[in-house]
Amino acid sequence: MHKVTINKVAKLVNSKSSTLLEAMETSGLKPEFNCRDGHCGACRCKLSSGEVEYIGFAMAYLKSDEILPCICRAKSDVQLEDVNIHNEILSAS
Ligand code: FES
């Protein structure tokens, strides 16, 4: 289990078998997504610290500090920023 911090506000844990997108959903967050397969880029966010591993091939365009949570698992404690969340408390920040 790794600790995941979302937009400096929400903290959750990521089991080894869940993607970061799944971990956010399991915790009650409503992150933006579409394809869930690394193609569309809708889930794109910034990895500000930590390491992730890809379980799929990233087809969407990414800057060097960005990841696709739908096809990534945490390899360490991670901090994600600029996650598009639909829950009101997080989207206001
Ligand atoms: S949901 Fe489409 S790339 Fe992640």
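Residues numbered from 1 in each chain as written. Predicted model: local features only at pLDDT ≥ 70, side-chain atom pairs only at ≥ 80, totals over all residues.

Asker: Looking at this structure, how should I read the overall build of the protein?
Answerer: Across its full length, the protein holds two helices and seven strands. In the protein, the succession of helices and strands from N to C terminus is β-β-α-β-β-β-β-β-α. In summary, the protein has a C-alpha radius of gyration of 12 Å against a globular reference of 12 Å for 93 residues, a match within 12%. For the protein, the spread of C-alpha atoms along the principal axes amounts to about 30 × 25 × 20 Å. Here the protein, with 93 residues, has 28% of them falling under the buried criterion. In the protein, the proportion of contacts linking residues at least 24 apart, taken out of those at least 6 apart, comes to 53%. (Helix = DSSP H or I, 4+ residues; strand = E, 2+ residues; numbered from the N terminus. Rg over C-alpha atoms; globule rule 2.2 N^0.38 Å. Buried ≥ 20, exposed ≤ 12 C-beta atoms within 10 Å, placed from the backbone. Contact = placed C-beta atoms within 7 Å.)

Asker: Which parts of the structure should I look at to understand the environment of Ser76?
Answerer: Tracing the backbone through its elements, the reader meets Ser76 in the loop between strand S6 (72–74) and strand S7 (78–81). For Ser76, a count of 11 C-beta atoms within 10 Å translates into the label exposed. The sequence separation of Ser76 and His2 amounts to 74 residues, and the corresponding C-alpha distance is 5.8 Å. Ser76 has contacts with His2, Gly50 and Glu51, leaving out every residue within four places of it along the chain.

Asker: Honestly, the nonpolar core in this entry has me stumped. Any pointers?
Answerer: In a soluble, globular protein the nonpolar side chains are often hidden away together inside. Residues Val4, Leu20 and Leu80 are the most contacted members of the largest nonpolar core, which totals 20 residues. The residues contacting Leu80, other than those within four sequence positions of it, are Val4, Thr5, Ile6, Cys45, Lys46 and Leu47. (Core = buried A, V, L, I, M, F, W, Y, C linked by C-beta atoms within 7 Å.)

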